[in-house]
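Given next are the chains, with one letter for each unit.
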Amino acid sequence: MTGSQGGPAFNRRALIGTGLGAAVLIAAGSGTARAAERAPASARSRAQGFLAAAMDAYPDQGPTRLAQSYTDQAGLFSTAFTYDNALAILASLACGGGDGRARAVALGDALLFAQANDPGYDDGRLRQAYNVGPYTFYDGTPQPDGLVRADGKANIGRQFGFTGTAVGDMAWAGIALAALARRTGERRFLSGAVRIGEWIDRTGRTDEPLGGFKFGVNGANEKLPFTSTEHNTDLIGLFGQLARLTGDRVWLERRSVAAEFVKKMWEPSAGFFYTGTNDGVTINKAPVPEDTQTWTHLALNSRAYGRSLDWAATELAVLDTPDRPNSTVPEGQSYEGVTFSSASLLANEGAPIADGQPRPDRNGVWFEGTAHLALALRHRQAAGDEKRARRLIASIERAQDLLGANQTFGGKAVAARSGVVSASSPLDTGFGFGYYPYRHTGATAWYLLSAARSNPLKA
């Protein structure tokens, strides 16, 4: 199965379950901030407040809880993506002080609960997403539970088909648990991260010509054929951190496998990384996504591949203004940043990307990716990088102030000027799904990581 531009339709943000009950809008650390160069405290504290609100949206469901990924207006109800919650842990550790650490520990324990109480498996896996609060699905079926079902099992996201397990999601959860292990010294977090790494090695390792680790499994536990540059980049970070925390050299070997795949995706003539392969033999040439340019730098920390940041900053640069076709940016506002992929710049602005979804804006800013880029530029520290990073962060902070008003979690209003929307206007990723102007836990967490200069992929 391929996406609209010939690349894999499945990635860590897309549906990897079995069956979709309704048309939905789908989307899917370490480091110390320099006090003199921190983002304005008010902007950062409001972002932290948004993560807290996402975590506390369903107080009647008990203390074992995850953060809802998107505000209710996205149409995903109480869905909590594993990836977004991993980011919330990392951002809370990087920026949240004592309260942030307590919240990170609670989210980490919730991931460990889900790992230990999966309704179908006891092998260390986590699912793509979970339900964290009650709702009535589009077909009228009630979903009454929080993360902990009435039978004591984890409440996986069956209603939307978010029941598969992607290597990238698992890697980020492992990175978050590893960060908790470092910060707290608690053995349970390292044990959970090791279980994740072992699942990935058992399930994803391949002897195909291009090597690396495969995508994961769908909701029926069938292995998916794709190999993702992004996922293997995540594994460079996870396996490197596990090597450091455990002292076991097997993780260095596994890190090397992932790194060799990523390096095979490098296009030296243009200075960017391709997205991966569908069959383990042929490299996908299009679309070219943003995160394979920025995360590779954060994970590899190699000058040899530093041009990938310049490619992303130049070739995926967008400016979203009200006069753009299909832009939802209000009059008098504009936002700069980067879009999701090379295909996003070629989106069909004359037709919806799917039934019931809005038409895309080719210049829609993907704020999560804009934060990736800002952090990577701050990490590279070449001439002009800090100035450019600050401009990008300022655009994200302006979006937090002005976009996504009157949105809710669990029917309760989200505080004004808190939380970053996933995109300034509807955008087509080119991988079979879109991003929209709904406040998003993942985008907000990446903003906090970039403001704090905290590189979660550092070994």
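Some remarks on the side chain of Arg439
Assignment of secondary structure puts Arg439 in strand β18 (residues 439-440). Here Arg439 is buried and forms no salt bridge, its nearest opposite-charge partner Asp401 lying at an N-O distance of 7.7 Å. Polar contacts involving the side chain of Arg439 include one to the main-chain carbonyl oxygen of Leu403, which spans 2.7 Å.

Remarks on the nonpolar core
Counting residues in each nonpolar core, the largest one holds 113 residues, and the members touching the most others are Trp172, Ile200 and Trp446. Sequence-distant contacts of Ile200, that is, excluding residues within four places in its chain, are made with Val167, Met170, Ala171, Arg205, Phe213, Leu235, Leu238 and Phe239. Leu76, Ala129, Phe340 and Trp366 belong to the second largest nonpolar core, which has 16 residues in total.

A few points about the pattern of salt bridges
Taken as a whole and judged by the stated rule, the model has 24 salt bridges. Two residues, Glu208 and Lys214, come together in a salt bridge whose shortest N-O distance is 2.8 Å. Through salt bridges with shared partners, one network takes in Glu198, Asp201, Arg205, Glu253 and Arg254.

Overview of the packing of aromatic side chains
The full count for this structure, using the stated rule, is 32 aromatic pairs. Ring centres 5.2 Å apart and planes at 40° place the aromatic pair Phe50 and Phe409 in the tilted group. Taken together, the residues span a long stretch of sequence, with Phe50 in helix α1 (residues 41-55) and Phe409 in strand β13 (residues 408-409) at a distance of 359 residues. Their ring planes at 25° and their centres at 5.7 Å tell us that Phe160 and Phe162 sit as a pair that is stacked. For the pair Phe160 and Phe162, one class covers both residues: buried. Here the guanidinium or amino end of Arg125 rests over the ring plane of Tyr121, the centre of that ring lying 3.6 Å away.

Quick look at unusual backbone geometry
With the exception of glycine, the majority of residues adopt a negative phi angle, and the majority of peptide bonds are in the trans configuration. Residues Ala286 and Pro287 are joined by a peptide bond in cis, for which omega reads -5°. Its location among the elements puts Pro287 in the loop between β10 (276-277) and α8 (291-300). At Arg417, a position not held by glycine, the phi torsion is positive, near 60°. Note on placement: Arg417 falls in the loop between β14 (412-413) and β15 (420-421). Overall, the relative accessible area of 40% leaves Arg417 in the partly exposed class.

Looking at helix α12 (residues 441-451)
The buried fraction of α12 is high, at eleven of eleven residues. Residues of α12 that are buried: Thr441, Gly442, Ala443, Thr444, Ala445, Trp446, Tyr447, Leu448, Leu449, Ser450 and Ala451.

Remarks on the environment of Val420
Looking at the secondary structure, you find Val420 in strand β15. Taking relative accessible area as the criterion, Val420 reaches 1% and is therefore assigned buried. Counting along the chain gives 183 residues from Val420 to Gly237, while the straight-line C-alpha distance between them is 25 Å.

Examining the confidence of the model for the chain
Of the residues in the chain, 90% reach a pLDDT of 70 or more, and the chain-wide mean stands at 92. Segment residues 1-12: pLDDT under 50, and 49 contacts once partners within four positions in sequence are set aside and those in other chains are kept. In this model residues 17-37 is a low-confidence stretch, pLDDT under 50, and it forms 65 contacts with partners more than four residues away in sequence or in other chains.

Comments concerning helix α3 (residues 97-116)
Taking 1.5 Å per residue, 20 residues should reach 28 Å; α3 reaches 28 Å between its end C-alpha atoms and fits that length. Along α3, the positions that sit buried rather than exposed are Gly100, Arg103, Ala104, Val105, Leu107, Gly108, Ala110, Leu111, Leu112, Phe113, Ala114 and Gln115.

Observations concerning the side chain of Lys214
Relative to the assigned elements, Lys214 resides in the loop between α5 (187-204) and β6 (216-217). Of the polar contacts made by the side chain of Lys214, one reaches the side chain of Thr227; its length is 3.1 Å. Excluding residues within four positions of it along the chain, Lys214 makes contact with Val167, Gly204, Thr206, Glu208, Leu224, Pro225, Phe226, Thr227, Asp279 and Gly280.

How each quantity is defined
- Residues numbered from 1 in each chain as written.
- Predicted model: local features only at pLDDT ≥ 70, side-chain atom pairs only at ≥ 80, totals over all residues.
- Heavy atoms only, no water.
- Helix = DSSP H or I, 4+ residues; strand = E, 2+ residues; numbered from the N terminus.
- Buried < 20%, exposed > 50% of the residue type's maximum accessible area, 1.4 Å probe, protein only.
- Lys, Arg positive; Asp, Glu negative; His and termini not counted.
- Salt bridge = Lys/Arg side-chain N within 4 Å of Asp/Glu carboxyl O.
- Polar contact = N/O pair within 3.5 Å; in protein donor to acceptor, adjacent residues only side chain to side chain.
- Core = buried A, V, L, I, M, F, W, Y, C linked by side-chain atoms within 4.5 Å.
- Contact = heavy atoms within 4.5 Å.
- Phe/Tyr/Trp six-rings, centres within 6.5 Å; stacked < 30°, edge-to-face > 60°.
- Lys NZ or Arg CZ within 6 Å of the ring centre and 35° of its normal.
- pLDDT = per-residue confidence, 0-100.
- Expected span 1.5 Å × (residues − 1).

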